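The lines below spell out each chain.
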Amino acid sequence: MKAQILDGKKVAEEVRAAIKKEVDEIKSKGGHIPGLAVVLVGENPASKVYVGQKEKKCKEVGFNSFLHKLPASTTEGELLKLIETLNNDKAVDGILVQLPLPQQIDSDKILKAIDPSKDVDGFHPMNMGYLVAGLPAVHPCTPKGIMYLLDAYGIEIEGKHAVVVGRSNIVGKPIAHLLLDRNATVTICHSRTKDLGAITRQADIIVAAVGRPRMITGSMVKEGAVVVDVGINRLEEGLVGDVDFETVGDVASWITPVPGGVGPLTIAMLLKNTLEAGRKSER
Ligand code: GUN
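Along each chain, residues carry numbers from 1 onward, in the same order as the chain's sequence is written. Local features are withheld for residues below a pLDDT of 70 in this predicted model, meaning they are given only at 70 or higher, and side-chain atom pairs are given and counted only at 80 or more; totals for whole chains, interfaces and linings count all residues. Neither water nor hydrogens contribute to the side-chain values; these are computed over all heavy atoms in the structure.

A. Focus on the site of the ligand. Around the ligand sit K54, L96, V97, Q98, L99, D121 and F123, and that is every residue in its neighbourhood. Here a polar contact is recorded for every N or O atom pair within 3.5 Å, except that within protein the pair must consist of a potential hydrogen donor and a potential acceptor, and residues adjacent in sequence are included only if both atoms are side-chain atoms. Within the backbone of L99, one N or O atom sits 2.9 Å away from a nitrogen atom of the ligand. Here the ligand has 280 Å² of accessible area as a free molecule, and 82% of this is covered by the chains. Grouping the amino acids of the shell around the ligand by side-chain chemistry returns four nonpolar, one polar and two charged. The cutoff for a nearby residue is simple: one of its non-hydrogen atoms must lie within 4 Å of the molecule or strand. Values of accessible area rely on a 1.4 Å probe in the Shrake-Rupley scheme; residue burial ignores everything except the protein chains shown. Each residue is assigned to one class: nonpolar for Ala, Val, Leu, Ile, Met, Phe, Trp, Tyr, Cys and Pro, charged for Asp, Glu, Lys and Arg, and polar for all the others, Gly among them.

Structure, rendered in C-alpha cells:
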C-alpha cells in the first residue's frame, strides 16, 4: 500500500460540526431552524439504510427532520400530492425523495414536481441545467462531496485529465461538469466504452461510479493517480467499492476507502444544501 487515504469520514465530521455550530447560533437567536423532509416509498433495504442515516445525521446537527414512509403500493398521484404539501410547508426547506421509486411511479415526473428551491438533491432538471451552464445552483450531494473532499486535501484539478467511469444523472454526469468547471480535461466512460483500461491509464484523477464490485484494478491505473471510489456494493463479505483497493492502492497517490470515503460526504453535503435552502427561505 503506497497511496494515502482521502478520509471522507473525518472531513464529513468536520463539516457536520460546523453546521451544528451554525444551527446552534440560529437557535440561540430564535431564527428559522432548517427542516428536511425525506420521503421513502416501499421497502428497498438499501434505501431504508440510507434514509435512516440521513434522518440520524439531520437530528444530530439540530435540524428538524420529517420522515414520510409510504407503502410500495403508493400511486404517482398520491406521491405528487405529498410533494405539493411539502412544497407549501414553510417548516420544510429541503425535500428528498429517495430513489429508486417503485415501477408504477415515474421518477422524472416526481423530481420535476419538487420546488427547485427545496431540491436539496439537485436532481430537478432546472438545477441540473444550471449546473451544466456553470451557473449558481444546488449541486447533487455525492458530486459536491467529491469536490469538497478533493479540495480538503488540496488535490489539484486544473489542467488534470479526469476520467469519470459511469454516466448516471446522480453522479457521473454532474461530477464531470463540476470537474470541467474547475478546468480539468474530462473524459466520461460507460458500459459501451471500448478498452476502458487504455483510457483510465491516462487519468490523473479517476472517479469510479458504476456499481460493479472491484471493477477498476491496479493495471488500469497510472502511477500516482488520484482515485475516487463512489461504489457501494453490498456483497456477502461486506461493503465493497468499484475500485480494487488492494491493487489500486499500490499505484495510486491518493485513494478513497469504502466505507469511509465518499459516502459520509454525501450526507454532509445534503445537510449543507438544506442549511443553505433554509437561509434562502428566511430572506
Ligand atoms: N438513491 C441513491 N442515491 C441517492 C441520492 O443521493 N438521493 C436520492 N434521493 N436517492 C438516492
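B. Molecular detail of unusual backbone geometry. The linkage connecting L99 with the following residue, P100, adopts the cis geometry, with an omega of 0°. For the purposes of this entry, the term helix denotes a DSSP run of H or I that reaches at least four residues, the term strand denotes a run of E that reaches at least two, and both are numbered from the N terminus. Examined against the element boundaries, P100 turns out to sit in the loop between β4 (94-97) and α4 (107-113). That bond from V258 to P259 is cis: its omega, 0°, falls within 30 degrees of zero. Along the chain, P259 falls in the loop between β11 (254-255) and α10 (262-282). One non-glycine residue, N183, lies in the positive phi region at around 70°. Along the chain, N183 falls in the loop between α7 (172-181) and β6 (185-189). Here the phi dihedral of D195 falls at roughly 50°; this positive angle occurs in a residue that is not glycine. With respect to the secondary-structure elements, D195 resides in the loop between β6 and α8 (196-200).

C. Molecular detail of the nonpolar core. In plain words, nonpolar cores are sets of buried Ala, Val, Leu, Ile, Met, Phe, Trp, Tyr and Cys residues tied together by side-chain atoms within 4.5 Å. Summary of the burial criterion: residues with accessible area below 20% of their type's maximum are buried, those above 50% are exposed, and those between are partly exposed, where the area comes from a 1.4 Å probe applied to protein chains only. By size, the foremost hydrophobic cluster in this structure holds 47 residues, and its most contacted members are I19, F63, I146, L150, I175, L179 and V207. Top contributing element to this core by residue count: α10, with eight residues. Pairs of residues are marked as contacts when any of their non-hydrogen atoms sit within 4.5 Å. Excluding anything up to four places from it in sequence, F63 contacts I19, V23, I33, P34, C58, L271, T274 and L275. Formed by 18 residues, the second largest nonpolar core is a distinct cluster that contains C189, A225, V227 and V243.

D. Geometry of the sheet that holds strand β2 (residues 35-41). Two strands are counted as paired when DSSP detects at least two bridges linking them. The sheet built from three strands is open, its strands ordered β3-β2-β4 with parallel pairing. At either end of the open sheet lies a strand with only one pairing partner, and these are β3 (64-70) and β4. For this sheet the average axis-to-axis angle between neighbouring strands, irrespective of direction, equals 15°. Helix axes are fitted to C-alpha atoms over the stretch in contact, other axes to C-alpha atoms as well, and angles between N-to-C directions run from 0 to 180 degrees. Relative to β2, helix α3 (residues 76-87) is tilted by about 175°, and along the sheet it contacts β2, β3 and β4.

E. Summary view of the sheet that holds β6. In spatial order, the strands read β1-β11-β8-β7-β5-β6; together these six strands make up an open sheet with parallel pairing. Looking at which strands have only one partner, the edges of the open sheet turn out to be β1 (4-5) and β6. Of the strands in this sheet, β5 (161-165), β6 and β7 (205-208) touch α7, which is tilted by about 170° from β5.

F. Representation of helix α1 (residues 8-28). How far a helix is expected to stretch is found by multiplying one less than its residue total by 1.5 Å. End to end, α1 covers 30 Å across 21 residues, agreeing with the expected 30 Å (1.5 Å per residue, within 8%). Of the positions making up α1, those classed as buried are G8, V11, A12, V15, R16, I19, V23 and I26. Burial along α1 is one-sided: seen end-on, the buried residues are contained in an arc of 135°. Residues of α1 that are exposed and angled more than 90 degrees away from the buried face: K21 and S28. Tucked into the core, α1 has its buried residues touching α2 (45-60), α6 (141-152) and α10. Where α1 begins, the capping side chain belongs to D7, and its oxygen is found 3.3 Å from the backbone nitrogen of K9. Directions pointing from the helix axis toward each C-beta atom define the arc.

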